[in-house]
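# Survey of secondary and tertiary structure
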Amino acid sequence: MRPDTATHPPFPQRRALLQRSLAAGAAAALGLPALARPSAAGPDLSGVTLRIGTYKGLWRPLISAAGLANTHYRIEWRELNNGVLHIEAINGDALDLGSGSEIPALFAARQKAQVRFVAVTREDLNNQVTLARKDASIQRIADLKGKRVGYVRATTSHYFLSRQLAEAGLSFADITPVSLTPSDGLSAFDRGDLDAWAIYGYNGQIARLRYGARVLKTGVGYLSGNFPLYANPRAVADPLRHAALADYLQRLRRAYLWANGNYLDYARAQAAETRVPVGDLIELWNNRSTDYDLRPVTDAVVQGHQSVADAFQQLGVLDGKAQVAPLWDRSFGPVLAGADPAAA
């Protein structure tokens, strides 16, 4: 349920907002003390602090609920609730690790930002949906012609909506596209200002459960399902922080695999942080397209990301070619491949 609203100016213009966001995150930062000692053969990480970006209800409660928060380095959690802010913080050397969708990552590639993509999570695509109002005479994507369709510009919803329209022989020129933030989109959908809405995460769930929205299409078959982890290249190049990042990524993979078999416990931890009802979270989980996983970088991952970049250039969202391959880093592949789920 990660929001990747990328409707923002280039990174340098956002520095003031970023500093305010980080200041708020720092006030709530949770330092996890070194309660476990590294092995004699490994480096001493007791002096290392990782600055990790988290979304409300995601990594912080997941790691804790899975019983994997006892690290031999410190973690400063910084809550930044969209992928653009994660990348901006990394680009400004204010964060070591973050995450988001492929979309902010391709803008980072276009702008040659100081960021690396070091792994991908596999997440649910059934919560990436194109919805019709319950009273709208819309039964399929082709029926969107001439309709008011909400979406979030330069995000996954922009991408999967464009592909669904093209498949139906339409384009954005054939609809009345309305770019809105997720919260504004939900309000507009509720008021009847939109006939349909391409959206992701919990807002789509609210539209279905509270307002009777009908699902026309999900993101399955249109999105890769890969959500990159963004890393600070300075941290990747530093031996101690690289070792701490490797340990954290292993823990995160084990935590995701744990959640697949213990989702009620994770949902309770999420609900405690987000105030989203446990029942709503379980409903999303029961309708998921896939289980959670954290996977290393592969050729297919990089090629899939490049295809998204090429599509956005054709749509005119990007002002030129974005080459994503130079920003993908495979140095954590061996530790992820060796992360034993049984160790969770």
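Here goes a summary of the coordinates provided. (Residues numbered from 1 in each chain as written. Predicted model: local features only at pLDDT ≥ 70, side-chain atom pairs only at ≥ 80, totals over all residues. Heavy atoms only, no water.)

### A closer look at the pairing of strand 7 (residues 176–179)
If a strand is regular, its side chains alternate between the two faces of the sheet. Relative to strand 7, strand 6 (residues 148–151) runs parallel, the two being bridged by 4 bridges. The partner of Tyr151 across the bridge, within strand 7, is Ser179. As a crossover connection, the stretch from strand 6 through helix 5 (residues 156–167) into strand 7 is right-handed. (Pairing = 2+ DSSP bridges. Helix = DSSP H or I, 4+ residues; strand = E, 2+ residues; numbered from the N terminus. Right-handed = clockwise from strand over helix to strand, strands pointing away.)

### A word on the packing of helix 3 (residues 83–91) against helix 4 (residues 102–110)
In the contact formed by helix 3 and helix 4, the axes pass within 8 Å of each other and the chain directions differ by 40 degrees. Here helix 3 is positioned oblique relative to helix 4, judged by the angle of their axes. At the point where helix 3 passes helix 4, the crossing takes the right-handed sense. Mapping the contact onto sequence places Gly83, Val84 and Ile87 in helix 3 and Pro104, Ala105 and Ala108 in helix 4. For the contact of helix 3 with helix 4, the per-class residue count stands at 5 nonpolar, 1 polar and no charged. (Axes fitted to C-alpha atoms, helices over the stretch in contact; angles between N-to-C directions. Parallel < 35°, antiparallel > 145°, perpendicular 65-115°, else oblique. Left-handed = near helix turned anticlockwise from the far one by under 90°. Contact = heavy atoms within 4.5 Å. Nonpolar A, V, L, I, M, F, W, Y, C, P; charged D, E, K, R; others polar.)

### Topic: the nonpolar core
Residues Trp59, Leu97, Tyr248, Leu249 and Leu252 are the most contacted members of the largest nonpolar core, which totals 57 residues. With 10 residues, the top contributor of residues to this core is helix 9 (residues 239–261). Apart from the residues within four sequence positions on either side, Tyr248 is in contact with Leu50, Ile52, Trp59, Ile63, Tyr73, Ile75, Trp77 and Leu97. (Core = buried A, V, L, I, M, F, W, Y, C linked by side-chain atoms within 4.5 Å. Buried < 20%, exposed > 50% of the residue type's maximum accessible area, 1.4 Å probe, protein only.)

### What about the pairing of strand 8 (residues 196–200)?
Burial within strand 8 is extensive, with 5 of its 5 residues counted as buried. Of the two faces of strand 8, both are covered, the one formed by Ala196, Ala198 and Tyr200 as well as the one formed by Trp197 and Ile199. Note that strand 5 (residues 128–132) and strand 8 share 5 bridges and pair antiparallel. Pairing of Thr130 across the sheet is with Ala198, part of strand 8. In this structure, strand 6 lies alongside strand 8, joined through 2 bridges in parallel fashion. By the bridge assignment for strand 8, Gly150 is matched with Trp197.

### A word on the side chain of Gln306
For Gln306, the location among the structural elements is in helix 12 (residues 299–315). Residues within four places of Gln306 in sequence aside, it is in contact with Lys321, Ala322, Gln323 and Val324.

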